Amino acid sequence: MKLTLKVWRQKNAQTKGRLETYVLDSVSKDSSFLEMLDILNEQLIADGEVPIAFDHDCREGICGACSLTINGIPHGPDRATTACQLHMRRFKDGETITIEPWRAKPFPVIKDLVTDRSAFDDIMQAGGFITARTGSAIDANEIAIPKDDSDYAMDAAACIGCGACVAACKNASAMLFTSAKVAHLNSLPQGKPEKDRRVLAMVGAMDEAGFGSCTNYGECSAVCPKEISLDMIAQMNRDYLTAKVKTFFSQKSA
Amino acid sequence: MKLDAKIPEGPLSEKWANHKFKIKLVNPSNRRKYKVIVVGSGLAGGAAAASLAEMGYNVSCFCYQDSPRRAHSIAAQGGINAAKNYQNDGDSVHRLFYDTVKGGDYRAREANVYRLAEVSTSIIDQCVAQGVPFAREYGGLLANRSFGGAQVSRTFYARGQTGQQLLLGAYSALSRQIGLGQVKMYNRHEMLDVVKVDGHAKGIIVRNLMTGTIERHAADCVILATGGYGNVFFLSTNAQGCNVTAAQRAYKRGALFANPCFTQIHPTCIPVHGDQQSKLTLMSESLRNDGRIWVPKDAETAKKIREGNLEPNSVPEEGRDYFLERKYPSFGNLAPRDISSRAAKEACDAGLGVAKTGLGVFLDFRDSIIREGKQTIKERYGNLFDMYQCISGDNPYETPMMIFPAVHYTMGGLWVDYNLETTVPGLFAAGEANFSDHGANRLGASALMQGLADGYFVLPYTVGNYLGEQGIAAAGKVTTDAPEFEAVEKDVRGRIDRLLSIKGTESPRSFHKRLGQIIWDECGMARSKEGLEKAIEQVKALREEFWQNVRVPGEADELNPELERAGRVADFMEFGELMCRDALMRDESCGGHFRVEHQTDEGEAVRDDENFAFVGAWQYVGESEAPTLHKEPLIFEAAKPSVRSYK
């Protein structure tokens, strides 16, 4: 395949970036999208230019490192597919492809296509856990958990933390990411004791990091490589409201 | 140097309990005076960092990824073993221990494996408490599935994403400690060397990958949980960033490297498609519960399939050779990984391969879809089937999958004693980075178990023992002003400058690919004396060429992925030679190490217990000298070595 690539180049966070055009010959249609970028980088090195920096690691759709906006869509055109799992057979010979980083204020560009997504870690550190010290657990089968509840928790827990949801949202909202984690832990009996604290702390951290609010566009779920459902956001809103009301009354009675 | 594994006294089943009682403790109010460095944030590193922080130690944790949640443990698919015997099918700590020692072809240390089996049950409890959503039955209790090398069902799983869920569990515990200030997390930092003071590991030199700044970090001890070295083969199922650097640098600072030739070739991966490929994708071994592996009986049919002139489904039953079921009737498609991989290679060598390249066999779900229904198969393996279709373009519900073995895991690693301490005092190695539990072949669903066992349940005791032995007066004494830090930092800087100054014509990736080809050809699924001798010379020559002709673009003081890659490839170049030396020294076949000189008429591996029942631990003695071999004899009291039969 022959391709024309328009790639976002930006030396560092302080400098301005721009789209550069590159032409690439003889790309196999069986190559993955990132393998195509490898070929381009090899070509750039051979030409004495600086190769394109992009985040990637597992290349099997699970680590959540890859973060490319391809033709305006986070992770590109395929449903439920990360950029690393996207294959060149999806594109036409002679096609022009535009590749940009995640575009969201809370994810500043570090270099080229690499962004800083540490705001997600901050949200997790605020409350994305069940307090269970090593060694203090009861036998795993002491608590029976209905299969449906467990399956629902797993649907939520499938989130890979890539940030496509934020990149796709006009408001750069992190509601889908945050709600997936909240739904995972709040729907399990083990997560109940910290349910209220968790949702309040995580939503608080999310707001503090500068993510926008949710106005129900649904773009987040549409681009999510793990197809996390908008229901998670609805559940988080319910949990948040309940927790708020409870805190309000417990403060009054105190 | 005499290797002392420090195996505790007493019967196997009491060793760990006795040891825990005898070792030193650090009282809770003193723990805050100690600092511990953990390199790596996967299952072993993440679990250790979180657990040690919970106990009150000050922990600094480092990872090269942009978040600890992305460590490569996340990619493990199938499951985690534990001797819970929830299925009432005869499992026990002793059976898990026995299966693991046998599965490792009697090249693992009994005491460590027994402890692993012992703590396996607590791991499941711990993970459930953290909210890991393991698969469950309708009654609400935990489900299990079977895995290779075992005749009981002891594998716990979370769809095809078990590693992800376990890692998110450890990551959530770690995140809590980061939030509390008990762990200082350094993302996008790569460890480039170990610093020893008075012979003890007291710190590391790291490069901040975002800015290129070289930093010194001092501590009272250092834990390396830096994963395996499968990427020495260039193509493997490992993540792109997985590397041997931390282990190799520790080796050059005096830690012994054990059994480097013990690598695992996983039987069920998607075949190579061409020369632009950057990695291989694993299809979980759990698929072998329901998929049947076959090739056509005759080469003519295989050729027609390869050329696209025959539909696999139209090959009649009598024309198919279900070779694992035929050769190993009692384990069938669930024969261990090394054996299954070799059988697939033999079939392809005989011209029966079905992929375009000739290197591929079928994994067929036709019968199980008829038996169980498409819906059930979809529930069990849906995401794996989707992934296969995404990569290959074929629909495995309708046409059989094609698979071929690929490098997946490395059993070798830094030599550690029973405390997981290397030969450098105060330097610990955990998870895939050490060598201890899997011998010459790892059974499926055991890597997650070992990583978490080391991190949650072993290191919190043994690190305390080391610190306790050093005494409270030693806590925090070493700082980064020490001249030893100065010297090591100078080495690190010198190497980076050298890489950037060569300005040759060939990219680091190209060198990596050439190295991988040598290692795969001569130190892969079949190894021979001549081949290995040739490979050692080839690797040496390639290394020289690398240091004369590599082209590393960009600068040292910026985010520079090619510089990172070049450093890792340089270490693989050194390590690849060690691996071949070890394979040459081990003049027997065992587990994943198959020396063509040692096989039965049927092509089964022939072990030599009389001469090779030892751990081969290599000591670095200088740049231009051959490393020195030290042997730790392996003594089997409970699992007597026998011919490993799965027939």
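This structure is a prediction, so every number in the text was calculated from the model and none was measured.

### Notes on the side chain of B:Arg154
Residue and element names in this part refer to chain B.
Logical step 1: Along the polypeptide, Arg 154 turns up in the loop between helix H5 (110–130) and strand E4 (155–156).
Logical step 2: Reaching out from Arg 154, the side chain makes a polar contact with the side chain of Asp 99 at a distance of 3.0 Å.
Logical step 3: Every residue in contact with Arg 154, bar those within four places of it in the chain, is listed here: Ile 80, Asn 81, Ala 82, Asp 91, Arg 95, Leu 96, Asp 99, Asn 144 and Arg 145.

### Examining the pattern of salt bridges
Residue and element names in this part refer to chain B.
Logical step 1: Within this structure, the stated rule accounts for 73 salt bridges over all chains.
Logical step 2: Its salt-bridge partner being Asp 321, residue Arg 326 comes within 2.9 Å of it at the nearest N-O pair.
Logical step 3: According to the relative accessible area criterion, Arg 326 is exposed, its value standing at 53%.

### Some points on the interface of chain A and chain B
Logical step 1: Contacts between the two partners involve 75 residues from chain A and, on the opposite side, 73 residues from chain B.
Logical step 2: In total, about 6200 Å² of surface goes out of reach between chain A and chain B, with carbon and sulfur atoms giving 50% of it.
Logical step 3: At the surface where chain A touches chain B, the tally comes to 8 salt bridges.
Logical step 4: Among the secondary structure elements, those contributing two or more residues to the side of chain A that touches chain B are helix H1 (33–46), strand E6 (109–111), strand E7 (114–115), helix H2 (118–127), helix H3 (147–157) and helix H5 (175–186) of chain A.
Logical step 5: The dominant element in the side of chain A that touches chain B, judged by the number of residues it contributes, is H3(A), at 7 residues.

### Considerations on the state of the cysteines
Residues and elements named next belong to chain A.
Logical step 1: Evaluated as defined, the whole model comprises 0 disulfides over all chains.
Logical step 2: Cys 159 carries a free sulfur, and the closest cysteine sulfur to it, the one in Cys 224, is 6.6 Å from it.
Logical step 3: When its relative accessible area of 15% is taken as the criterion, Cys 159 is described as buried.
Logical step 4: Considering cysteine sulfurs only, Cys 162 is the nearest to Cys 224, which forms no disulfide, with 6.4 Å between them.

### Notes on the sheet that holds strand E16 (residues 413–414) of chain B
Residues and elements named next belong to chain B.
Logical step 1: Spatially, 4 strands are ordered E16-E10-E18-E19 in an open sheet, and the strand pairing comes out antiparallel. Of all the strands in the sheet, just E16 and strand E19 (628–633) have a single pairing partner and so form its edges.
Logical step 2: Where strand E10 (residues 257–258) meets strand E18 (residues 614–619), 2 bridges bridge the pair, whose relative direction is antiparallel. Residue pairing in the sheet places Phe 257 in a bridge with Trp 618 of E18.
Logical step 3: Across the sheet, helix H17 (residues 561–585) is in contact with E10, E18 and E19; its angle to E18 comes to roughly 145°.

### A few points about the side chain of B:Asp220
All names here are of chain B.
Logical step 1: With respect to the helices and strands, Asp 220 occurs in the loop between strand E8 (214–218) and strand E9 (221–224).
Logical step 2: Among buried charged residues, Asp 220 stands out as having no salt bridge; its nearest opposite-charge side chain is Lys 202, 4.7 Å away.
Logical step 3: Reaching out from Asp 220, the side chain makes a polar contact with the backbone nitrogen of Gly 476 at a distance of 2.8 Å.
Logical step 4: Not counting chain neighbours up to four residues away, the residues in contact with Asp 220 comprise Lys 33, Tyr 34, Lys 35, Ala 201, Lys 202, Tyr 466, Leu 467, Ala 474, Ala 475, Gly 476 and Lys 477.

### Side note on the nonpolar core
Logical step 1: If you look at the biggest cluster of nonpolar residues, it comprises 249 residues, and the most contacted ones within it are B:Ile80 and B:Phe134.
Logical step 2: Element by element, the count of residues in this core is highest for H17(B), at 12 residues.
Logical step 3: If we skip the residues at most four places from it in the chain, B:Phe134 touches A:Ser150, B:Ile80, B:Ile124, B:Cys127, B:Val128, B:Leu142, B:Phe156, B:Tyr157, B:Ala158, B:Thr162 and B:Leu166.
Logical step 4: Ranked by size, the runner-up nonpolar core spans 28 residues in total, among them A:Leu37, A:Ile52, A:Ile70 and A:Ala83.

### A look at a nonpolar patch on the surface
All names here are of chain A.
Logical step 1: Judged by side-chain polarity, Leu 241, Val 245, Phe 248 and Phe 249 come together as a nonpolar surface patch covering roughly 410 Å² of accessible area.
Logical step 2: Topologically, Phe 249 is positioned in helix H8 (residues 231–253).
Logical step 3: The exposure class assigned to Phe 249 is exposed, which follows from its relative accessible area of 51%.

### Things to note about helix H8 (residues 299–306) of chain B
For an α-helix, 3.6 residues make a turn, and residues three or four places apart therefore share a direction.
All names here are of chain B.
Logical step 1: Those residues of H8 not exposed but buried are Thr 301, Ala 302 and Ile 305. Taken around the axis of H8, the buried residues stretch over an arc of 100°, which confines them to a single face.
Logical step 2: Looking at the buried side of H8, the elements it contacts are strand E12 (292–296) and strand E14 (361–364).
Logical step 3: Immediately downstream of H8, the backbone of Gly 308 shows phi near 80°, a positive value.

### What about empty space enclosed by the protein?
Logical step 1: All told, the structure shown has 16 cavities of 30 Å³ or more when counted by the stated rule.
Logical step 2: Here the second largest cavity defines a volume of roughly 600 Å³.
Logical step 3: As for the second largest cavity, its lining consists of 36 residues, and the residues nearest its centre are A:His56, B:Gly241, B:Pro561, B:Glu564 and B:Arg568.
Logical step 4: Sorting the residues of the lining of the second largest cavity by element identifies H1 of chain A together with helix H15 (508–523) and H17 of chain B as the ones contributing at least two each.
Logical step 5: Looking at which element gives the most residues to the lining of the second largest cavity, the answer is H17(B), with 7 residues.
Logical step 6: Classifying every residue of the lining of the second largest cavity by side-chain character gives 14 nonpolar, 10 polar and 12 charged.

### Description of the pairing of strand E15 (residues 401–410) of chain B
Residue and element names in this part refer to chain B.
Logical step 1: Across the 10 residues that make up E15, a large majority, 10, are buried.
Logical step 2: Pairing analysis gives 5 bridges linking strand E11 (residues 263–269) to E15, with the strands arranged antiparallel. Its bridge partner lying in E15, Thr 263 is registered against Thr 410.

### Brief notes about the domain arrangement of chain B
Residues and elements named next belong to chain B.
Logical step 1: Under the domain assignment, chain B is made up of domain 1 (265–408) and domain 2 (483–613).
Logical step 2: Summarising the inter-unit geometry, the C-alpha centres of domain 1 and domain 2 are found 30 Å apart.
Logical step 3: With 12 residues of domain 1 in contact, the opposing surface of domain 2 contributes 11 residues.
Logical step 4: A buried area of about 950 Å², summed over both sides, lies between domain 1 and domain 2, and 58% of it is on carbon and sulfur atoms.

### As for the packing of H3(A) against H5(A)
All names here are of chain A.
Logical step 1: Close contact between H3 and H5 brings their axes to 8 Å; oriented N to C, the two are set at 155°. One element, H3, and the other, H5, form an angle in the roughly antiparallel class. Our pair here, H3 against H5, has a crossing hand that is left-handed. The residues of H5 that touch H3, namely those facing Tyr 152, Ala 153, Ala 156 and Ala 157, are Ala 180, Ala 183 and His 184.
Logical step 2: In the contact of H3 with H5, the residues fall into 6 nonpolar, 1 polar and no charged.

The rules behind each value
- Residues numbered from 1 in each chain as written.
- Chains lettered and ligands numbered in written order.
- Predicted model: local features only at pLDDT ≥ 70, side-chain atom pairs only at ≥ 80, totals over all residues.
- Heavy atoms only, no water.
- Helix = DSSP H or I, 4+ residues; strand = E, 2+ residues; numbered from the N terminus.
- Polar contact = N/O pair within 3.5 Å; in protein donor to acceptor, adjacent residues only side chain to side chain.
- Contact = heavy atoms within 4.5 Å.
- Salt bridge = Lys/Arg side-chain N within 4 Å of Asp/Glu carboxyl O.
- Buried < 20%, exposed > 50% of the residue type's maximum accessible area, 1.4 Å probe, protein only.
- Buried area = accessible area lost by both parts, 1.4 Å probe.
- Disulfide = S-S within 2.5 Å.
- Pairing = 2+ DSSP bridges.
- Axes fitted to C-alpha atoms, helices over the stretch in contact; angles between N-to-C directions.
- Lys, Arg positive; Asp, Glu negative; His and termini not counted.
- Core = buried A, V, L, I, M, F, W, Y, C linked by side-chain atoms within 4.5 Å.
- Patch = residues over 30% accessible without salt bridge, like charges linked within 9 Å, V, L, I, M, F, W, Y side chains within 5 Å.
- Areas by Shrake-Rupley, 256 points an atom, 1.4 Å probe, with all protein chains shown as cover.
- Arc of directions from axis to C-beta.
- 1 Å grid on protein atoms, 1.4 Å probe; cavity = no way out; pocket = protein on both sides within 12 Å on 5 of 7 lines; lining within 4 Å.
- Points joined across faces, edges and corners; volume = space filled by probe spheres on them.
- Nonpolar A, V, L, I, M, F, W, Y, C, P; charged D, E, K, R; others polar.
- Domains from an automatic or database assignment.
- Parallel < 35°, antiparallel > 145°, perpendicular 65-115°, else oblique.
- Left-handed = near helix turned anticlockwise from the far one by under 90°.

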